[in-house]
Amino acid sequence: MSEVMVDVHGVHKSFGPLHVLRGVDLRVRAGEVTVILGPSGSGKSTLLRTINHLEKVNRGWISIDGELIGYRRAGDKLYELKEKEVLKQRTHIGFVFQNFNLFPHLTVLENLVEAPVSALRRPRREAEDTARRLLDRVGLADKAGAYPRQLSGGQQQRVAIARALAVSPKVLLFDEPTSALDPELVGEVLDVIKDLARSGTTMVVVTHEIGFAREVADTVVFMDDGLIVEQGPPAAVLDAPQHERTRAFLSKVL
Amino acid sequence: MSSLTDQAPPGAAAPVADPPDKAGYTVVPTRHYARWAAAFAVLVLVAQFTHGLATNPVWEWEVFAAYFFSDTIVQAVWVTLQLTAYATVLGFLLGTLLAFMRLSRSPVLQTVAWTYIWIFRSIPMIVQLVFWFNLSALYEQLGVGIPFGPVFWSVDSNSLIGTIGAAVIGLTLHQAAYAAEIVRGGVLAVDSGQSEAAAALGIPRLRQIRRIVLPQAMRAILPTAGNEIIGLLKGTSVVYVMAIGELFYQVQVIYGRNGRVIPLLLVATAWYVVLTSLLSLAQYYVERHYARGADRTPPPTPLQRVRRLVLGMRAAAARPGPPTPVPLKPFGDRR
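Each chain carries its own residue numbering, running from 1 in the written order of its sequence. Ligands are numbered from 1 and chains lettered from A, in the order in which they are written. Selection of residues for local features in this predicted model requires a pLDDT of at least 70, selection of side-chain atom pairs for listing and counting requires 80 or more, and totals for whole chains, interfaces and linings are taken over all residues. Hydrogens and water are ignored here; the side-chain numbers use all heavy atoms of the structure.

As annotated in an unreviewed UniProt entry, chain B is Polar amino acid transport system permease protein from Streptomyces indicus. In its Subcellular location (unreviewed entry) section, the UniProt record describing chain B reads: "Cell membrane". In its Sequence similarities (unreviewed entry) section, the UniProt entry covering chain B states "Belongs to the binding-protein-dependent transport system permease family." UniProt positions are given in the numbering used here, feature names are shortened, and annotations may be inferred rather than shown by experiment.

Chain A appears in an unreviewed UniProt entry as ABC-type polar-amino-acid transporter from Streptomyces indicus. Listed under Catalytic activity (unreviewed entry) in UniProt, the entry text for chain A is "a polar amino acid(out) + ATP + H2O = a polar amino acid(in) + ADP + phosphate + H(+)".

The structure is reproduced here in structure tokens:
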């Protein structure tokens with residue numbers, strides 16, 4: 001078995017009185033695809049955002065490829081990292097947002113080049129070459145000079161995926177990547193993600209696309225009320241759920 | 001009881017029949033008699049005023065012409081421009097700093113910035129300028145040293161600052177308070193997903209602000225900032241209280257000497273109009289620059305509009321048939 005890439009350990013997160021994550025443990029192996037399902041408000045997105053430290057956890061810890069995220073450990077103490085160091089760590093973690101969040105005032109190519117040049121200090125020429133290769137990979141080689149608003153939603157999300165890949169992250173996180181898309185555009189984005197899955201990219205995907213989970217996931221995780229209720233291979237969790245809450249959720253979405 | 005379906009209500013028009021010839025009906029536009037009357041009345045008033053401008057000897061156009069490009073006036077316009085430029089650049093630099101202090105997570109920085117804005121928006125500019133003019137009464141010497149401790153180097157405050165310096169400081173500090181709120185408004189108008197995406201990519205903090213947030217904030221900042229800079233250009237006339245040779249002060253000096261009040265006020269007015277027009281034009285192009293990516297097709301520049309209009313008219317004149325109107329959006333409509 002391959003090594004653990006993402007290790008989430010006993011994570012709690014509260015927003016004021018709202019206890020969103022209540023002790024989550026999750027292990028994602030290198031090269032595997034984990035799909036997180038669950039009703040809205042179950043804490044899926046928050047869990048994803050704690051993995052790249054967009055949200056600080058209140059208890060527990062998270063590591064990527066053995067490196068603690070957001071903290072440095074010395075003895076039995078965790079020291080909070082400076083923002084600069086956290087930003088450095090984030091270049092190992094690609095994040096794809098539901099609303100794409102492309103930079104509208106930059107061209108597609110500039111969107112892809114920005115982080116490699118400013119965060120990783122790569123030479124611009126090299127970053128541009130990589131960017132063009134990635135655009136070609138998501139099928140948008142001819143859109144390098146376009147501005148995001150000139151693209152369809154599906155194309156924008158494919159650019160966003162390429163932008164996340166541009167820093168060559170160890171793991172890719174997807175926060176409901178197709179939820180803001182028109183139904184006929186969902187397929188093109190899922191195809192890109194499937195292609196990445198086949199090439200062995202480690203991914204954690206929060207989604208409502210059950211069919212996608214069945215086809216691509218190595219592990220399906222079902223969350224409810226801030227806890228992981230059930231996890232396992234898609235065939236087990238989707239076709240023979242053990243837990244009542246999983247069955248109730250699946251009966252509603254299938 | 002009347003049926004709703006089979007009976008037309010009283011007074012309803014007869015059902016529409018086919019037009020007599022198959023080409024269609026002739027449309028008769030509404031006559032706007034009141035609108036025409038109002039337009040006529042206004043045009044008469046405008047004509048009267050223009051006639052007065054041209055013929056009333058009190059305007060003394062020959063005096064206006066003699067002074068408009070005179071060395072003294074051109075020199076004064078230059079001083080006005082300098083004051084405006086310094087106060088704009090320094091004011092917006094300080095204002096941007098204050099805006100990010102107010103947006104920062106440190107309560108100390110927030111409070112200091114808030115207090116600054118509160119105080120400097122409360123003091124009338126003219127009062128503040130007179131304060132700076134009398135700085136030497138307040139602090140005779142300015143020095144560098146350890147706070148509350150010994151001073152290593154000091155200088156006479158009047159010799160360091162001077163009148164123009166005092167005016168620039170006064171205008172800058174005043175302007176910064178307003179600029180801070182304008183910049184803060186612009187930054188708040190940028191979707192929070194933008195800095196989140198930048199943070200998720202690991203882009204360094206300063207770079208996030210400079211490359212991602214501020215360029216997008218500029219869209220919201222520019223219209224209000226344009227107002228402020230034009231306001232500042234005219235506001236520099238207040239500096240006359242410090243006897244600085246800017247436009248308004250110099251004009252007063254001249255008409256104090258020769259008594260030609262009206263034509264010299266006209267000289268100042270005309271220069272302010274010219275400078276404001278140039279600023280408005282510059283604003284248009286700067287706004288256009290920061291609009292890139294916001295529109296699918298960028299709007300044409302005024303020059304392109306004029307060229308298109310001329311070409312359109314020429315094409316229409318060349319065509320034998322009835323002239324086709326050139327589709328042109330009004331100047332102010334940018335969408």
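**Q** Is there a simple way to explain the overall build of chain B in this structure?
**A** Regarding its fold elements, chain B presents twelve helices and two strands. The contact definition used throughout considers only heavy atoms, calling two residues in contact when any of these lie within 4.5 Å. Partitioning the intrachain contacts of chain B with sequence separation of at least 6 by distance along the chain shows that 67% fall at a separation of at least 24. Under the DSSP-based scheme used, a helix requires at least four consecutive residues in state H or I and a strand at least two consecutive residues in state E, with every element numbered from the N terminus.

**Q** Before we go on, may I ask you to explain the nonpolar core in this structure?
**A** Among soluble globular proteins, nonpolar side chains are generally buried collectively. Buried Ala, Val, Leu, Ile, Met, Phe, Trp, Tyr and Cys residues form a nonpolar core when they are joined through side-chain atoms within 4.5 Å. Three exposure classes are used, based on accessible area relative to the maximum for each residue type with a 1.4 Å probe and protein chains only: buried under 20%, partly exposed in between, and exposed over 50%. One finds A:Val35, A:Leu37, A:Leu112, A:Ile161, A:Phe174, A:Ile193 and A:Met203 to be the most contacted residues of the largest nonpolar core, which totals 52 residues. If you tally residues by element for this core, the top one is helix H6 (residues 183-198) of chain A, at eight residues. Those residues in contact with A:Met203, other than ones at most four positions away along the chain, are A:Val28, A:Glu32, A:Val33, A:Thr34, A:Leu172, A:Phe174, A:Ile193, A:Leu196 and A:Ala197. Core analysis: the next-biggest nonpolar cluster, separate from the first, contains 39 residues, A:Met5, A:Val8, A:Ile69 and B:Ala199 among them.

**Q** What is the right way to look at the packing of helix H10 (residues 247-258) of chain B against helix H11 (residues 261-290) of chain B in this model?
**A** In a pair of packed helices, the angle between the axes and the distance between the axes together describe the arrangement. Residue and element names in this part refer to chain B. To obtain an axis, a line is fitted to C-alpha atoms, over the contacting stretch when the element is a helix, and the angle between two such axes runs from 0 to 180 degrees between their N-to-C directions. Running from N to C, H10 and H11 point in directions that differ by 165°, and their axes come no closer than 9 Å. Taken together, H10 and H11 sit at an angle that is classed as roughly antiparallel. With respect to the hand of their crossing, H10 and H11 are arranged in right-handed fashion. Contact residues: H10 offers Leu247, Phe248, Val251, Ile254, Tyr255 and Asn258, while H11 offers Val261, Leu264, Leu265, Ala268, Trp271 and Tyr272. Residues of the contact of H10 with H11, tallied by class, amount to eleven nonpolar, one polar and no charged. Note that the term roughly parallel is reserved for angles under 35 degrees, roughly antiparallel for angles over 145, roughly perpendicular for angles of 65 to 115, and oblique for everything else. In this scheme the crossing of two helices becomes right-handed for a clockwise turn of the near helix relative to the far one and left-handed for an anticlockwise turn of less than a right angle. Classes in brief: Ala, Val, Leu, Ile, Met, Phe, Trp, Tyr, Cys and Pro nonpolar; Asp, Glu, Lys and Arg charged; the others, Gly included, polar.

**Q** Hey, could you run me through the pairing of strand E9 (residues 171-175) of chain A in this one?
**A** As a general feature of sheets, a regular strand has side chains that alternate between the two faces. Residue and element names in this part refer to chain A. Among the five residues of E9, five are classified as buried, and the element is accordingly described as predominantly covered. The two faces of E9 match: Val171, Leu173 and Asp175 on one face and Leu172 and Phe174 on the other face are all buried. One requirement defines pairing of two strands: DSSP has to find at least two bridges between them. Inspection of the sheet shows strand E8 (residues 93-96) paired to E9 by four bridges, in the parallel sense. Bridge pairing in E9 links Gly94 to Leu172. Following the chain from E9 across H6 to the adjacent parallel strand E10 (residues 202-206), one finds a crossover that is right-handed. Crossovers are marked right-handed if the path from the first strand over the helix to the second runs clockwise, as seen with the strands pointing away from the viewer.

**Q** Teacher, can you tell me more about unusual backbone geometry here?
**A** Residues other than glycine predominantly adopt negative phi, and peptide bonds predominantly adopt the trans conformation. All names here are of chain A. Here the phi dihedral of Asp65 falls at roughly 50°; this positive angle occurs in a residue that is not glycine. The class of Asp65 is partly exposed, set by a relative accessible area of 32%. Although it is not a glycine, Ser168 adopts a positive phi angle of roughly 40°. One can find Ser168 in the loop between helix H5 (153-165) and E9.

**Q** In this structure, what is going on with the interface of chain A and chain B? I would like to understand it.
**A** It is common to give the size of an interface as the accessible area lost on bringing the parts into contact. Every contact between the two is made by 27 residues of chain A and, on the other side, 23 residues of chain B. Defined in terms of a 1.4 Å probe, buried area is the accessible area two parts forfeit on being brought together, summed over both. Overall, the association of chain A and chain B removes approximately 2300 Å² of surface from exposure, summing both partners, and the carbon and sulfur fraction of that is 54%. By salt bridge we mean one thing: a side-chain nitrogen of Lys or Arg within 4 Å of a carboxyl oxygen of Asp or Glu. Along the contact surface separating chain A from chain B lie four salt bridges. Between B:Glu196 and A:Arg49 there is a salt bridge, and its shortest N-O distance comes to 2.7 Å. Any N or O atom pair separated by 3.5 Å or less is treated as a polar contact, with the protein-specific requirement of one donor-capable and one acceptor-capable atom, and with residues adjacent in sequence counted only for side-chain atom pairs. The interface formed by chain A and chain B includes eight residue pairs in polar contact (both at pLDDT 80 or more). Where the side of chain A that touches chain B is concerned, the elements lending two or more residues are helix H2 (83-90), E8 and helix H3 (108-118) of chain A.

**Q** What exactly am I supposed to notice about helix H1 (residues 44-51) of chain A here?
**A** Helical periodicity: at 3.6 residues per turn, an α-helix aligns residues three or four positions apart in one direction. The buried fraction of H1(A) amounts to seven of the eight residues, a majority that puts the element mostly inside the structure. Of the residues trailing H1(A), A:His53 is marked for its positive phi of about 65°.

**Q** Honestly, the UniProt feature "domain: ABC transporter" (unreviewed entry) in chain A in this entry has me stumped. Any pointers?
**A** Feature annotation in UniProt assigns "domain: ABC transporter" (unreviewed entry) to the following positions: residues 6-250 of chain A. With 37% helix and 28% strand, residues 6-250 of chain A has its two end C-alpha atoms placed 26 Å apart.

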